Amino acid sequence: METDSIIGPRLVIDEKKCSGNIDRMVRKARENNLLFRPHFKTHQSLAIGRWFRSRGVDSITVSSLKMAYYFARDGWKDILIGIAYNPREYELYEKLSDKCRLQVTISCPETALILAGQCRIPLEAMIKIDTGYNRTGIKWDDHASLGRTMEYLGKNQSIKIRGLMTHDGSTYALNNRQKILDRHLKSAERISVCRDTIKMKDLIISEGDTPSASLASSFEGIDELRPGNFVFYDLMQYINGSCSFENIALALICPVIDIRPASGTIVVHGGAVHFSKEKISARGKDIYGMLARLDSNGWHDPGNQIFMSSLSQEHGIINYPVTAGKVRPGDLLGVIPVHSCLTADCMRGYTLTGGERIDHMQELPQDSEYVL
């Protein structure tokens, strides 16, 4: 790994690991006869998007309309906008519809009614079902709201209802494989009840969380897979058993800026503005990252777990009982972030282990957000 040019926090991708993660998920989808619509919210990169395209992926999920424009400019023609539809953005949806097959997420009957009154273009709708995460979507057992949503969308012949979708993000907080698999099965059963209730067998069912997609071997009742975090993985996925350490394709390389032997800590230049303040609990404590062993080939399992214990704006505190002779200011440490999606968004760009810089959507100038 090239490190001579690193002077401050740098987010580095191991292309080999990342490509391996993509290959495994593409293969799993094909072996289970699933449509594959990966979520690009994690990487937000045209370059990484092309790695997917080279493996035959031609349909994607994004988390915002801005992101849809970003990838449409690079030739993506089949895009699901995963965030719940915002009626204030309708004109931007209409503009984008000339460039690609566009799908909108409807999460409540009230939004369905508004869209039905607005829509003047061919548009596909995915109805969001809440199978237990309690963020957005129609509750899986609220058959009346689902019926009204279907009725309202059906009033506009320009709108085609493509299917039902869920993202059960509660799997991210589970701490072992069996709990994740049990949650996956319950979520699939609940959304299948919704399809049975409305008696429309031609609707697809789409599922989209990385822990389930990574660990499950059976996808009965599921037609489409939409995971995103798997492209990099992170500490959260490692802790919950969704991946091995060697699957983690992203690390933040941070310079050491202070040594504090008396308190058993070191300080790196890498804080909340780089990692975000996402945290998880391990060993009964809140942690914000974990140290990785660096060498010329990248980062590896350190053998003993050393955690980042706190973050301020620019500083990261690592519990590392060392003397100044073992670690010096200016040394570089690799830190695995808790949540790779948020760290990537904070850092706004990547470097490959060989030193090549690749893009991230957050580098886009504000005045060109919705230019096609």
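Everything below is about the structure shown above.
A short tour of the structure in this document, coming up.

Reading guide: rules and limits
- Residues numbered from 1 in each chain as written.
- Predicted model: local features only at pLDDT ≥ 70, side-chain atom pairs only at ≥ 80, totals over all residues.
- Heavy atoms only, no water.
- Helix = DSSP H or I, 4+ residues; strand = E, 2+ residues; numbered from the N terminus.
- Rg over C-alpha atoms; globule rule 2.2 N^0.38 Å.
- Contact = heavy atoms within 4.5 Å.
- Buried < 20%, exposed > 50% of the residue type's maximum accessible area, 1.4 Å probe, protein only.
- Pairing = 2+ DSSP bridges.
- Axes fitted to C-alpha atoms, helices over the stretch in contact; angles between N-to-C directions.
- Parallel < 35°, antiparallel > 145°, perpendicular 65-115°, else oblique.
- Left-handed = near helix turned anticlockwise from the far one by under 90°.
- Nonpolar A, V, L, I, M, F, W, Y, C, P; charged D, E, K, R; others polar.
- Lys, Arg positive; Asp, Glu negative; His and termini not counted.
- Salt bridge = Lys/Arg side-chain N within 4 Å of Asp/Glu carboxyl O.
- Polar contact = N/O pair within 3.5 Å; in protein donor to acceptor, adjacent residues only side chain to side chain.
- Phe/Tyr/Trp six-rings, centres within 6.5 Å; stacked < 30°, edge-to-face > 60°.
- Lys NZ or Arg CZ within 6 Å of the ring centre and 35° of its normal.
- Disulfide = S-S within 2.5 Å.
- Expected span 1.5 Å × (residues − 1).
- Arc of directions from axis to C-beta.

Re the overall build of the protein chain
Looking only at helices and strands, the protein chain has 11 helices and 21 strands in total. Here the C-alpha radius of gyration of the protein chain, 22 Å, is about what a compact globule of 372 residues would show, namely 21 Å. Here the C-alpha coordinates of the protein chain stretch approximately 70 × 45 × 35 Å along the principal axes. Here the analysis covers contacts within the protein chain between residues at least 6 apart in sequence; of these, 67% occur between residues at least 24 apart.

Considerations on the pairing of strand β11 (residues 250-260)
Among the 11 residues in β11, eight count as buried, and that is most of the element. Note that strand β1 (residues 10-13) and β11 share four bridges and pair antiparallel. Each bridged residue has a counterpart across the sheet, and for Leu11 the counterpart in β11 is Leu252. For β11 and strand β19 (residues 332-337), the ladder comprises four bridges, and the chain directions are antiparallel. Across the sheet, Cys254 pairs through a bridge with Leu333, a residue of β19. Pairing of β11 with strand β12 (residues 265-269) involves four bridges; the strand directions are antiparallel. Along β12, the bridge assignment pairs Ile259 with Ile266. Counted along the chain from β11 to the antiparallel partner β12, the turn is four residues long, and its residue Gly264 has a positive phi close to 70°.

Details of the packing of helix α6 (residues 143-154) against helix α7 (residues 177-198)
Relative orientation of the contacting elements α6 and α7 amounts to 60°, with a least axis distance of 11 Å. Relative to α7, the element α6 is oriented oblique. As for the relative orientation of α6 and α7, their crossing is right-handed in sense. Residue-level contacts link His143, Leu146 and Met150 of α6 to Val193, Cys194, Thr197 and Ile198 of α7. Class assignment of the residues belonging to the contact of α6 with α7 gives a composition of five nonpolar, two polar and no charged.

Comments concerning the side chain of Glu207
On the secondary structure map, Glu207 appears in strand β9 (residues 204-207). Buried within the structure, Glu207 lacks any salt-bridge partner; Arg226 is the closest side chain of opposite charge, at an N-O distance of 8.0 Å. Polar side-chain contacts of Glu207 include one of 3.0 Å to the side chain of His184. With sequence-adjacent residues up to four places away left out, Glu207 is seen in contact with Thr166, His184, Ser212, Phe219, Ile222, Glu224, Leu225 and Arg226.

Here we look at the side chain of Asp168
Here Asp168 shows up in the loop between β8 (159-166) and α7. Those residues in contact with Asp168, other than ones at most four positions away along the chain, are Thr131, Gly132, Tyr133, Arg183, Ser187 and Asp209.

As for the packing of aromatic side chains
Under the counting rule described, the total for this entry stands at 10 aromatic pairs. Centre to centre, the rings of Phe52 and Phe230 are 6.1 Å apart; their planes meet at 85°, and the pair counts as edge-to-face. Here the residue Phe52 occupies a position in helix α2 (residues 46-53), and Phe230 occupies one in the loop between β10 (224-225) and α9 (235-239), the gap between them amounting to 178 residues. You'll find Phe52 and Phe230 in the same group, each marked buried. Measuring from centroid to centroid gives 5.5 Å for Tyr70 and Phe71, while their planes differ by 80°, and the two rings are edge-to-face. Taking the relative accessible area as the measure of exposure, Tyr70 reaches 7% and is therefore buried. The buried category is assigned to Phe71, whose relative accessible area is 0%. Among the aromatic residues, those joined into a cluster by ring pairs are Phe36, Phe40, Phe52, Tyr70, Phe71, Trp76 and Phe230. When the ring centre of Trp76 is taken as reference, the NZ or CZ atom of Arg53 above it lies at 4.3 Å.

Some words on the environment of Val268
Checked against the element boundaries, Val268 lands in strand β12. Those residues within four positions of Val268 in sequence are excluded, and the remaining contacts are Cys254, Pro255, Val256, Ile257, Met308, Glu314, His315, Gly316, Ile318 and Leu333.

Things to note about helix α3 (residues 65-72)
Summarising burial for α3: eight of the eight residues are buried, a large majority. Where α3 is concerned, the buried positions are Leu65, Lys66, Met67, Ala68, Tyr69, Tyr70, Phe71 and Ala72.

Examining the state of the cysteines
Inspection of the entire model under this criterion finds zero disulfides. The thiol of Cys100 is not disulfide-bonded; the next cysteine sulfur, from Cys119, is found 14 Å away.

Quick notes on α6
Spacing of three or four residues puts side chains on the same side of an α-helix, whose turn is 3.6 residues. Here α6 is 12 residues long and its end C-alpha atoms lie 16 Å apart, about the 16 Å a rise of 1.5 Å per residue gives. Every buried residue of α6 is accounted for by Ser145, Leu146, Thr149, Met150, Tyr152 and Leu153. For α6, the arc enclosing every buried residue in end-on projection is 165°, short of the 170-degree limit, so these residues lie on one face. Looking at the buried side of α6, the elements it contacts are β5 (101-106), α5 (109-118), β6 (123-130), β7 (138-139), β8 and α7.

Shape descriptors only; they carry no functional weight alone.
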